[in-house]
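If you want the building blocks of each chain, they are given just below.
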There are 2 protein chains.
Amino acid sequence: MSLRYALLALLRVGPLSGYDLQKQFSLSVGHVWHAPDSQIYPELRKMETEGLIEGEEQPRGQRATRRVYHVTETGDLAFLEWLQTPLAYARVRDPAHLRAAYLEAATPKVARAFLQAHIGQWEGELAQWEGELVRIAVVDNPMLVRRLAGTRPGDRDRTIAFKRFTYEGLVDRARGEIAWARRGLELVDGLEGSGGAWAALPAARA
Amino acid sequence: MSLRYALLALLRVGPLSGYDLQKQFSLSVGHVWHAPDSQIYPELRKMETEGLIEGEEQPRGQRATRRVYHVTETGDLAFLEWLQTPLAYARVRDPAHLRAAYLEAATPKVARAFLQAHIGQWEGELAQWEGELVRIAVVDNPMLVRRLAGTRPGDRDRTIAFKRFTYEGLVDRARGEIAWARRGLELVDGLEGSGGAWAALPAARA
DNA sequence: GCGGCCATGTAAGTGGTTACATGATTGA
DNA sequence: TCAATCATGTAACCACTTACATGGCCGC
């Protein structure tokens, strides 16, 4: 249900084709809400039938066309209303912490591999989000630039402030996950060292 | 795909019926992986046809029965293998941060409501997880007690250590989310105070 | 005898994933 | 002429959600 609002958020700064949207997605909203093209195109069609956006066929070369969408007033209102509706929080479903809870049944090696992969995963995300923070600071994100161009000067600080706030939150989370996994590695070291006969093939317990 | 391993994790400490599992779920694994009964019962059937578990009809009163499942050797191996497979991380899809990124289009009031709801949400989770940490510390969780009963004394520390590690991670995350949202509230205060004509019905920008 | 718990589901729908499919255009 | 990129999807599948359905058992 959030996908359409992510799309509306992008289209509100100016008309784009499905293809453009898909590209912009990975460079902006995609950092908080991933969506593949196979989901974007159908969603756009659906949004059009519901009157949130309107598409216009534009010629491209001799035979080809591209469909450029813009937000309708209905769509704009829908976006503003969405901002006011309480968020529907998903029930917790966390594969990493599920796995962590049963690491005692794995070997130290396997436990370490898991924790190191977790660190790697979040370091990747962290790099993305930190990069985005830098691009926000120097106003270098194409989507942000377009948005600011259509924003009254007094409102720019606010726009930038909330983008920064968002990515700072993500960066914090990534750092938290990394710190947690590092503590996990220390825990594994400690458990392995302190006498207990861990790794005495606990996986072979029939 | 994690549901079955969450169920296996519970069944590995001893046979349970679907109903028992469903109850235990909310008291243990459910804190990291939620699942409603409408998902648990069919999944158990599926796991049985795949040979991971075996069910046995037990009489209950005169006419009724209950189906008690236990893990097969195949199931046990599957669980141990799962521990070794690299985690499939889901692509980022974060409704709260998506919303946060566009708060400049909302009124200060709406922005505050969102952030306060976020704090409330995570305070609720935090309370759950902190409670679980306490129950781990005093070894007062029924599922944990059962598990420890079937564990060699030397392995108990390890079992407890990983449970604690898991919930500490969740507690950290909750605290992080709360701290982030509080900073958001301060940001809203600052933006509203500092001259800018926010709240001058920005939602009415046609 | 009745209410609350025990016990087990089905059905319809949503949102997302993965893989596949097709063809036009543009620049080297 | 060939590869990269522009452009737009479809199809099958899976996990999960929400709502509904049914009936026996047990203690008061």
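Residues numbered from 1 in each chain as written. Chains lettered and ligands numbered in written order. Predicted model: local features only at pLDDT ≥ 70, side-chain atom pairs only at ≥ 80, totals over all residues. Heavy atoms only, no water.

By the naming in an unreviewed UniProt entry, chain A is PadR family transcriptional regulator, taken from Arthrobacter terrae.

A. Quick look at the pairing of strand S2 (residues 53-60) of chain B. Residues and elements named next belong to chain B. The sheet contact formed by S2 and strand S3 (residues 64-71) spans eight bridges and is antiparallel. Bridge pairing in S3 places Gly-55 opposite Tyr-69. Hairpin connection between S2 and S3: a loop of three residues separates the two successive antiparallel strands, and Gly-61 in this loop has a positive phi of roughly 65 degrees. (Pairing = 2+ DSSP bridges. Helix = DSSP H or I, 4+ residues; strand = E, 2+ residues; numbered from the N terminus.)

B. Molecular detail of the interface of chain B and chain A. Contacts between the two partners involve 70 residues from chain B and, on the opposite side, 67 residues from chain A. Here chain B packs against chain A, burying approximately 6,900 Å² in sum over the two surfaces, 63% of which is carbon and sulfur. The largest per-residue losses of area from chain B upon contact with chain A belong to B:Arg99, B:Tyr102 and B:Phe165, which jointly make up 12% of the total buried on that side. Inspection of the chain B/chain A interface yields 28 residue pairs in polar contact (both at pLDDT 80 or more). Broken down by secondary-structure element, the contributors of at least two residues to the side of chain B that touches chain A are helix H1 (3-11), helix H4 (73-84), helix H5 (95-100), helix H6 (108-137) and helix H8 (153-193) of chain B. (Contact = heavy atoms within 4.5 Å. Buried area = accessible area lost by both parts, 1.4 Å probe. Polar contact = N/O pair within 3.5 Å; in protein donor to acceptor, adjacent residues only side chain to side chain.)

C. Main features of the protein's contact with DNA strand D. In the neighbourhood of DNA strand D, 24 residues make up the surrounding shell, with A:Tyr19, A:Arg67, B:Gln39, B:Gln62 and B:Arg63 lying closest. The sugar-phosphate portion of DNA strand D accounts for 76% of its atoms within 4 Å of the protein, the bases making up the rest. B:Gln39 places a side-chain nitrogen or oxygen 2.5 Å from a phosphate oxygen of DNA strand D. Sorting elements by how many residues they give to the surface near DNA strand D places helix H3 (residues 37-49) of chain A first, with five residues. Residue classes in the surface near DNA strand D are distributed as seven nonpolar, seven polar and ten charged. (Near = heavy atom within 4 Å. Nonpolar A, V, L, I, M, F, W, Y, C, P; charged D, E, K, R; others polar.)

D. Spatial organisation of the relation of the copies chain B and chain A. For these two chains of identical sequence, chain B goes onto chain A by a turn of 180 degrees and a shift of 0.0 Å along the axis, with RMSD 0.1 Å. One copy is carried onto the other by what is essentially a two-fold rotation axis. Residue B:Arg173 of chain B places its C-alpha closer to the rotation axis than any other residue of that unit, at 3.5 Å. A high fraction, 96%, of the interface residues of chain B reappear at the interface in chain A, so the copies pair face to face through one surface. (Least-squares fit on C-alpha atoms with pLDDT ≥ 70 in both.)

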